[in-house]
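The primary structure of each chain is shown beneath.
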Amino acid sequence: MATAKAHTNIALVKYWGKKDQDLIIPQTDSLSMTLSEFYTTTQVVFDPTLTADQVTINDQAVTGDGTNRITRFLDIVRQLSGRHDFARVNSHNHVPTAAGLASSASAFAALAGAASRAAGLHLSRRDLSRLARRGSGSATRSIYGGLVEWHRGHDDATSYAEPIMEKLDFGLEMLAIMVNTARKKISSRYGMQSSVISSPYYDSWKDVVAHDMATMKAAIAARDIPAIGHIAEENALRMHALTLSADPGYTYFNSETLTAITAVRALREQGLSCYFTMDAGPNVKVIYDRHDRDQIVDGLAQTFDRDRLVVSPAGPGIEIWDENN
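Thresholds applied
Residues numbered from 1 in each chain as written. Predicted model: local features only at pLDDT ≥ 70, side-chain atom pairs only at ≥ 80, totals over all residues. Heavy atoms only, no water. Helix = DSSP H or I, 4+ residues; strand = E, 2+ residues; numbered from the N terminus. Contact = heavy atoms within 4.5 Å. Expected span 1.5 Å × (residues − 1). Buried < 20%, exposed > 50% of the residue type's maximum accessible area, 1.4 Å probe, protein only. Polar contact = N/O pair within 3.5 Å; in protein donor to acceptor, adjacent residues only side chain to side chain. Pairing = 2+ DSSP bridges. Axes fitted to C-alpha atoms, helices over the stretch in contact; angles between N-to-C directions. Salt bridge = Lys/Arg side-chain N within 4 Å of Asp/Glu carboxyl O. Parallel < 35°, antiparallel > 145°, perpendicular 65-115°, else oblique. Left-handed = near helix turned anticlockwise from the far one by under 90°. Nonpolar A, V, L, I, M, F, W, Y, C, P; charged D, E, K, R; others polar.

Draft legend 1. Structural context of the side chain of Ser159. Inspection of the secondary structure assignment puts Ser159 in the loop between β8 (147–151) and β9 (160–165). Ignoring any residue separated from it by four or fewer positions in sequence, one finds Ser159 in contact with Ile24, Ile25, Pro26, Arg130, Arg133, Trp150, His151, Arg152 and Gly153.

Below, the structure is given as structure tokens:
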């Protein structure tokens, strides 16, 4: 029996599209920030008396496709470890599921950590990153804290994440505007594949990411928060342009997403250095220097209730512990 705790991450340079659906090898590199306020804690025990995997999330039994996806992941762990027992998985998600807040990243990172340790494996962080990727692409980055780069690679061995700066020594911080925490209608997996197949701009997106990765890493090295925010904002808008240009076109935005974007831009026009980013969901994340936090929160509170504004500094990497420790 083992337990793991992993945090979500929000991409500053986005991952949007797979080259290999089975191994979850991405089309491009990506770069993210792990968040302290959103996380998943998962306990796994392999039990020879079970006749099937049993999964509980937030004290609710999971069946159907949800269990199948976790069983397929556990099959990889069983293959790596040589174990054949079914597992009991008990997970608590401290982040809304499938709402564009990277719940699958923390969920599969925590599952990778707990399941591999319970199966008797003591994986390096790189190998744990590779394993987590097999459950959810962005989970590969949630093994680490702080700022993290995912190398797209070309096969299972070469596609993994590694930290750029695990403990931030400058004031980069995020705030999530909780626009809508309901499950989104179009999954990230479906949305990515639709964009890859049908957007006429997808090849240009790969060039955009290559450029943004270089400029983002330079901005991080310079501790230049306005540059980091600007690059992340433009990268997010261009990613969402892929959803609008797919066939059929779709969007993760709703009216409050646009309200939030307008509010952030208004604060910027007033002289506050703040920028927005969005993943595959309507919720907006704001990037800023922590020294400006109070002014930014006060400004956004003119539009959104304060309980919908969640401040999150950079978070830590995965923690794993055996049940008897």
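Draft legend 2. Expanded view of helix α6 (residues 225–244). Look at α6: 29 Å from first C-alpha to last across 20 residues, which is about the 28 Å you get at 1.5 Å a residue. Within the span of α6, buried status applies to Ile225, Ile228, Gly229, Ile231, Ala232, Glu233, Asn235, Ala236, Met239, His240, Leu242 and Thr243. By the N-cap criterion, in which a side-chain oxygen at the helix start approaches the backbone nitrogen of a residue two or three places on, α6 is capped by Asp224, the distance to Ala227 being 3.2 Å.

Draft legend 3. Local environment of the sheet that holds strand β12 (residues 284–289). Spatial ordering of the open sheet is given by β11-β12-β10-β13, a layout of four strands whose pairing is antiparallel. Every interior strand has two partners, whereas the edge strands, β11 (274–277) and β13 (309–312), have only one. On average, adjacent strands in this sheet sit at an angle of 25° to one another, irrespective of strand direction. Here four bridges tie β11 to β12, and the two strands are oriented antiparallel to one another. Bridging across to β12, Cys274 finds its partner in Tyr288. Of the strands in this sheet, β10 (172–177), β11 and β12 are in contact with helix α7 (residues 255–269), which crosses β11 at around 160°.

Draft legend 4. Fine view of helix α3 (residues 125–133). Restricting attention to buried positions, one finds in α3 the residues Leu128, Ser129, Arg130, Leu131, Ala132 and Arg133. Against the buried residues of α3 lie β3 (25–26), α1 (65–81), α2 (103–118), β8, β9 and β14 (319–322).

Draft legend 5. Expanded view of the environment of Ile25. Tracing the chain through its elements places Ile25 in strand β3. Ile25 sits in the buried class, given a relative accessible area of 2%. The contact partners of Ile25, leaving out residues within four places of it in the chain, are Lys18, Lys19, Asp20, Arg133, Arg152, Gly153, His154, Asp155, Asp156 and Ser159.

Draft legend 6. Geometry of the environment of Ser312. Its place among the elements puts Ser312 in strand β13. Distance from Ser312 to Ser36, taken between C-alpha atoms, is 5.7 Å for residues 276 residues apart in sequence. Only 3.0 Å separates the side chain of Ser312 from the backbone nitrogen of Ser36, close enough to count as a polar contact. Polar contacts involving the side chain of Ser312 include one to the main-chain amide nitrogen of Glu37, which spans 3.2 Å.

Draft legend 7. Examining the pattern of salt bridges more closely. Within this structure, the stated rule accounts for 19 salt bridges. Salt-bridge contacts for Arg152 lead to Asp29; the nearest nitrogen and oxygen are separated by 3.4 Å. A residue pair is termed long-range when its members are at least 10 positions apart, and Arg152 in the loop between β8 and β9 and Asp29 in the loop between β3 and β4 (30–47) qualify at 123 residues. Classification of Arg152 as partly exposed rests on a relative accessible area of 36%. Arg268 is paired through a salt bridge with Glu233; the nearest N and O atoms lie 2.8 Å apart. Here the residue Arg268 occupies a position in helix α7, and Glu233 occupies one in helix α6, the gap between them amounting to 35 residues.

Draft legend 8. Local environment of unusual backbone geometry. For the bond from Asp247 to Pro248, the omega torsion is 5°, close enough to zero to count as cis. With phi around 55°, Ile24 is a residue other than glycine that occupies positive phi space. Classification of Ile24 by relative accessible area gives buried; the value is 1%.

Draft legend 9. How the structure looks around the packing of helix α5 (residues 202–221) against α6. Contact pair α5 / α6: the axes reach a minimum separation of 10 Å and the direction vectors enclose 165°. Put simply, α5 runs roughly antiparallel to α6. Seen from above, α5 lies across α6 with left-handed handedness. Facing α5, whose interface residues are Tyr202, Trp205, Val208, Val209, Asp212, Thr215, Met216, Ala219 and Ile220, α6 presents Ala227, Ile228, Ile231, Ala232, Asn235, Arg238, Met239 and Leu242. Classifying every residue of the contact of α5 with α6 gives 13 nonpolar, two polar and two charged.

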